[in-house]
Amino acid sequence: MYKVLAIGGKDLNFGFALAGLETYRADDSAAAAEALRSAAAGGEYGIVIIDEALTQSFDEKTAELLDSAELPVVVPVAGQMQWRDAEVIPPDDYIARLVRQAVGYELNIQL
């Protein structure tokens, strides 16, 4: 059975640790990249949750792993969550980008 790993700063990891997940503290992109490569090579993790801010300056090889790995499934999440008024949410918001990446095309859902 595969495990789930969360890679991020102290605040992000605290919540995941409370939920019972394994965590790896990475305070910069280099540490996060090394943890991601290690998790991918080890074969024991099915899902790696990573702070999206840490992925912004990954080298080309690590960015490719982030986009194309079958296992573990890499899920970038916003480490700094904040409430916003619906009127100021940009059209290409975070959830829309995640869905577009996972599905391969953009879904427009009207409520």
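Just so we're clear, the structure is a prediction, and the values are computed from it rather than from any experiment.

**Student:** An account of a nonpolar patch on the surface is needed here, citing residue identities and associated values.
**Tutor:** Where nonpolar side chains cluster on the molecular surface, the patch consists of Tyr2, Ile47, Leu71 and Val73 and spans about 360 Å² of accessible area. A residue is classified by how much of its surface remains accessible, and Leu71, at 43% relative accessible area, is partly exposed.

**Student:** Tell me what's going on with the sheet that holds strand 2 (residues 22–25), and back it up with residues and numbers.
**Tutor:** Spatial ordering of the open sheet is given by 2-1-3-4, a layout of four strands whose pairing is parallel. A strand with exactly one partner marks an edge of an open sheet, and here the two such strands are strand 2 and strand 4 (73–77). With strand direction ignored, the average angle separating the axes of adjacent strands in the sheet is 20°. In the sheet, strand 1 (residues 3–8) pairs with strand 3 (residues 45–51) via five bridges, with the strands oriented parallel. The residue of strand 3 that forms the bridge with Leu5 is Val48.

**Student:** An account of the pattern of salt bridges is needed here, citing residue identities and associated values.
**Tutor:** Side chains bearing opposite charge may pair, as long as their charged atoms lie close to each other. Tallied over the entire structure, the rule returns five salt bridges. The shortest N-O distance in the salt bridge between Lys3 and Glu22 comes to 2.9 Å. Linking Lys3 in strand 1 with Glu22 in strand 2, this pair joins segments that are 19 residues apart in sequence. For Lys3, a relative accessible area of 33% gives the class partly exposed. Overall, the relative accessible area of 32% leaves Glu22 in the partly exposed class. Across the pair Glu44 and Lys3 runs a salt bridge whose closest N-O atoms are separated by 2.8 Å. Linking Glu44 in the loop between helix 2 (29–42) and strand 3 with Lys3 in strand 1, this pair joins segments that are 41 residues apart in sequence. A residue is classified by how much of its surface remains accessible, and Glu44, at 37% relative accessible area, is partly exposed. What emerges from the salt-bridge pattern is a single network uniting Lys3, Glu22 and Glu44.

So, how was this worked out
- Residues numbered from 1 in each chain as written.
- Predicted model: local features only at pLDDT ≥ 70, side-chain atom pairs only at ≥ 80, totals over all residues.
- Heavy atoms only, no water.
- Patch = residues over 30% accessible without salt bridge, like charges linked within 9 Å, V, L, I, M, F, W, Y side chains within 5 Å.
- Areas by Shrake-Rupley, 256 points an atom, 1.4 Å probe, with all protein chains shown as cover.
- Salt bridge = Lys/Arg side-chain N within 4 Å of Asp/Glu carboxyl O.
- Buried < 20%, exposed > 50% of the residue type's maximum accessible area, 1.4 Å probe, protein only.
- Pairing = 2+ DSSP bridges.
- Helix = DSSP H or I, 4+ residues; strand = E, 2+ residues; numbered from the N terminus.
- Axes fitted to C-alpha atoms, helices over the stretch in contact; angles between N-to-C directions.

Remember that the coordinates give geometry; whether it matters functionally is a separate question.
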